[in-house]
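Residues per chain are reported as follows:
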Amino acid sequence: MSDLPPAWWRDAVIYQIYPRSFADANGDGIGDLPGIRSRLPYLRDLGVDAVWLSPFYLSPQADAGYDVADYRTVDPIFGSLDDARGLVADAHDLGLRVLVDLVPNHSSDQHAWFRQALAEGPGSPLRARYHFRDGRGALPPNDWPSIFGGPAWTQVPDGQWYLHLFAPEQPDFNWAHPAVADEFRTILRFWLDLGVDGFRIDVAHGLVKEEGLPDIGQETSWHLLDVGESPCFDRPGVHEIYRSWRTILDEYPGDRIAVAEAWAPTLARVADYVRPDELHQAFNFSYLSTAWNAPAQRAMIDASLAANDAVGAPTTWTLSNHDVVRHTNRLMRDDQGEVAGKKPTAVDPVAGLRRARAASLLLLALPGSAYLYQGEELGLPEVIDLPPSVRQDPAFHRATGQDGYRDGCRVPIPWSGTTAPYGFGPDGGPSWLPQPDSWADLSVAAQDGVAGSTLTMYRDALALRRKAVAGQAPLTWQDAPEGLLVFDRGTDFRCTVNMSPAPLSPEAPGELLLASAPITVDGGTAVIPPDTAVWWSL
Ligand code: GLC
Ligand code: CA
């Protein structure tokens, strides 16, 4: 869509920080805002455009901060509002933008509104800001399951039940109540006034429920990517909310944006969230869950670009986040449909990293905006052997839930040193999840400046992306043998990815810029090993 004005976010690389696992300044074992501030120069040097911070608001941490008790207060475990202001100011000084996470589908059960609702009792207008109902005899008001397992309803002592699509500590707001909509417009302005550049909208597809909360009529748990038609996800009414938010974002100078976490059944339905008068971006979970083979990848890339082009939005690309198995492990599975939750299995770490690096170079060559998840630039693997006693994912002990195994991608970052906590916090200090002994070799210090390290590959890729991969230049596929993906961006950049199990020897089209693994070029022919991506200048 070359007639659209350039805007920073259309081809931005945005790095997700999971605050509790990034850097711990005060030594309590939990990452915090001062820790993030101290590491911002690292992110500037990495070459990203922006950071997105998972929630750091006041919260009992029943779902690692996605249960917010006060949307305008920083939880003391993470720091203070002054730390947040300082972080935004420092980031801006370094040329980095800051997105914060907004959690509008539900609050914490410790939010003042929910406590009032409980205190006031059945029939109180204060209950109407959530979904309180009488049960059906001894049964909950309807048959909805929670995404984390078990029923989506919890009974309170006076007999009524309240709705929670996630954990019982996360009651769903009733978005049909005008006070809820007003409150969130005020929260948006609060953070925009503080200087943030935008928001990641948690469960953006969940806010509006079908009137009457009808049964879904099947015994099932919801799987985020194939909810199909559902009385509580992707209802048409959500779009009105985002139109109203867009007018607020547009009132502020400096291109403020919002990105939707919207799990909708088709790419076209996801694209509805990024129509010109709604949000700016939506995560492309369909791509994230696409299997590692050339036809599937090519088809999904085309379908993603087409769906977003149809509404004039940039496509986003992402391979990892705090809810899914890290792509070092996930891409080794044939079945990519189950993106989250299923117990991650052991993979050959060398092969897994090799494939992950190829996937990352492919991703960074695609037109649109790329979301990276902290630690992927170090090639961190999923930690699959955390003992149950240290796991904190609220779904873990609700065995039927979808997202029970998310701790393995949330293990704190290794920065330096040869023993845990590897510079995550002070020497010898704790870390809220244990780090594997093998992570000494994966630390930032161990990879910094080392030719061939994953960190060096990401830094090179991000620098080249600015220079050699034309911002919004369209993607054009080139003919290629089976198993090889070849596409150009504009006229002087090519990306070649070998997704077959055997080496392939295409013509070397120009100067080698970067490869995810060593390749040889001899007399105009390149030999590209399996699971290897190559960037060329034409
Ligand atoms: C989103 C978040 C996830 C959280 C859930 C409930 O999916 O990414 O971490 O558990 O919403 O807020
Ligand atoms: Ca701390």
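Scroll up a little and you will see the structure.
Residues numbered from 1 in each chain as written. Chains lettered and ligands numbered in written order. Predicted model: local features only at pLDDT ≥ 70, side-chain atom pairs only at ≥ 80, totals over all residues. Heavy atoms only, no water.

(A) Up close: the packing of helix H4 (residues 178-194) against helix H5 (residues 238-251). Between H4 and H5, the least distance of the axes is 11 Å, while the angle of their chain directions is 25°. For the element pair H4 / H5, the angle class is roughly parallel. Remark: the crossing between H4 and H5 carries right-handed chirality. Contacts from Phe184, Arg185, Leu188, Arg189 and Leu192 in H4 reach Ser244, Trp245, Ile248, Leu249 and Glu251 in H5. Here the contact of H4 with H5 is composed, by residue class, of six nonpolar, one polar and three charged. (Axes fitted to C-alpha atoms, helices over the stretch in contact; angles between N-to-C directions. Helix = DSSP H or I, 4+ residues; strand = E, 2+ residues; numbered from the N terminus. Parallel < 35°, antiparallel > 145°, perpendicular 65-115°, else oblique. Left-handed = near helix turned anticlockwise from the far one by under 90°. Contact = heavy atoms within 4.5 Å. Nonpolar A, V, L, I, M, F, W, Y, C, P; charged D, E, K, R; others polar.)

(B) Representation of the coordination of the calcium ion (ligand 2). Donor atoms from the polypeptide that bind the calcium ion (ligand 2) are Asp24 (OD), Asn26 (OD1), Asp28 (OD), Ile30 (O) and Asp32 (OD), placed at 2.2 to 2.3 Å. Donor residues binding the calcium ion (ligand 2) come from one chain and are separated in sequence as D-x1-N-x1-D-x1-I-x1-D. Classification of aspartate 32 by relative accessible area gives buried; the value is 2%. (Donors = N, O, S within 2.8 Å, 3.2 Å for Na, K, Ca; no water. Buried < 20%, exposed > 50% of the residue type's maximum accessible area, 1.4 Å probe, protein only.)

(C) Spotlight on the environment of alanine 119. One can find alanine 119 in helix H3 (residues 112-120). Linking alanine 119 and alanine 50, residues 69 residues apart in sequence, is a C-alpha distance of 42 Å.

(D) Spotlight on the packing of aromatic side chains. Under the defined criterion, the tally for this structure stands at 30 aromatic pairs. Taking the centre distance of 6.2 Å and the plane angle of 75° together, the rings of tryptophan 52 and tyrosine 371 count as edge-to-face. Residue tryptophan 52 is found in strand E2 (residues 50-53), and its partner tyrosine 371 is found in strand E13 (residues 369-373); the two are separated by 319 residues along the sequence. The pair formed by tryptophan 52 and tyrosine 371 is uniform in burial state, with each residue classed as buried. (Phe/Tyr/Trp six-rings, centres within 6.5 Å; stacked < 30°, edge-to-face > 60°.)

(E) Structural view of the sheet that holds E2. Strand order across the open sheet formed by eight strands is E11-E10-E9-E5-E2-E1-E13-E12, with parallel pairing between neighbours. Edge positions in the sheet fall to strand E11 (281-282) and strand E12 (316-318), since each of these pairs with one other strand and no more. Bridge count for E12 against E13 is three bridges, and the pairing is parallel. By the bridge assignment, tryptophan 317 is partnered in E13 with alanine 370. Contacts between helix H12 (residues 454-467) and the sheet are confined to strand E1 (13-17) and E13, with E13 contributing the most and set at about 160° to the helix. (Pairing = 2+ DSSP bridges.)

(F) Highlighting empty space enclosed by the protein. All told, the structure shown has four cavities of 30 Å³ or more when counted by the stated rule. In terms of lining residues, the second largest cavity is bounded by 14 residues, among which Leu267, Val270, Phe283, Asn284 and Phe285 are the most central. Looking at the lining of the second largest cavity, the elements with two or more residues in it are helix H6 (267-271) and helix H7 (285-288). Top element by residues in the lining of the second largest cavity is H6. It accounts for three residues. For the lining of the second largest cavity, a count of residues per class yields 10 nonpolar, four polar and no charged. (1 Å grid on protein atoms, 1.4 Å probe; cavity = no way out; pocket = protein on both sides within 12 Å on 5 of 7 lines; lining within 4 Å. Points joined across faces, edges and corners; volume = space filled by probe spheres on them.)

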